[in-house]
Amino acid sequence: VQLQASGGGLVQAGGSLRLSCAASGFTFSSLAMGWFRQAPGEEREFVAGINWSGGYTYYADSVRGRFAISRDNAKNTVYLQMNSLKPEDTAVYYCAAGTNFRLPRDYWGQGTLVTVSS
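Predicted model, so just to flag it, every value in this text is computed and none were measured.

A.B. asks: What should I look at first to understand the packing of aromatic side chains in this one?
C.D. replies: Given two aromatic rings, one states the distance between the centres and the angle between the planes to describe the pair. Tallying each qualifying case throughout the model produces 5 aromatic pairs. Relative to Trp 108, the ring of Phe 36 has its centre 4.7 Å away and its plane inclined at 65°; by these criteria the two rings are edge-to-face. In this pair, Phe 36 sits in strand E4 (residues 32-38) while Trp 108 sits in strand E10 (residues 107-117), placing the two residues 72 residues apart along the sequence. Overall, the relative accessible area of 4% leaves Phe 36 in the buried class.

A.B. asks: Hey, could you run me through the environment of Leu 19 in this one?
C.D. replies: Structurally, the position occupied by Leu 19 is in strand E3 (residues 17-24). You can call Leu 19 buried: its relative accessible area is 0%. Through-space distance from the C-alpha of Leu 19 to that of Gly 9 is 9.6 Å; in sequence the pair is 10 residues apart. When sequence neighbours within four positions are dropped, the list of residues in contact with Leu 19 reads Ser 6, Gly 7, Gly 8, Trp 35, Val 78, Tyr 79, Leu 80, Met 82, Tyr 93, Thr 112 and Val 114.

Here is what the cut-offs are and how they apply
Residues numbered from 1 in each chain as written. Predicted model: local features only at pLDDT ≥ 70, side-chain atom pairs only at ≥ 80, totals over all residues. Heavy atoms only, no water. Phe/Tyr/Trp six-rings, centres within 6.5 Å; stacked < 30°, edge-to-face > 60°. Helix = DSSP H or I, 4+ residues; strand = E, 2+ residues; numbered from the N terminus. Buried < 20%, exposed > 50% of the residue type's maximum accessible area, 1.4 Å probe, protein only. Contact = heavy atoms within 4.5 Å.

Take a look at the structure:
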């Protein structure tokens with residue numbers, strides 16, 4: 001299983017970014033996908049999850065209404081659209097795959113850094 005995240009960068013508060021995660025090495029449509037993040041000095045936390053078909057999504061309270069997770073099974077890619085970004089969203093964001101869309105953490109990719117300036 002390989003998960004390659006991209007799209008991180010520096011953005012001002014109130015701005016938007018879209019993260020992408022390209023998957024390979026498994027049947028993409030068979031697993032739930034998700035995003036987690038880890039801020040400096042903090043534990044890794046769940047951000048968003050999506051089931052195998054894209055029909056069900058689940059979000060952490062801190063991002064609900066601002067972030068949107070989606071997937072394209074034809075492209076083996078999962079996305080995280082992040083709007084109305086806040087400085088507290090600054091973290092390394094990790095793509096993950098698993099069997100439970102509410103906490104898909106069986107497989108991990110490398111992270112991509114998102115920095116939100118105030």
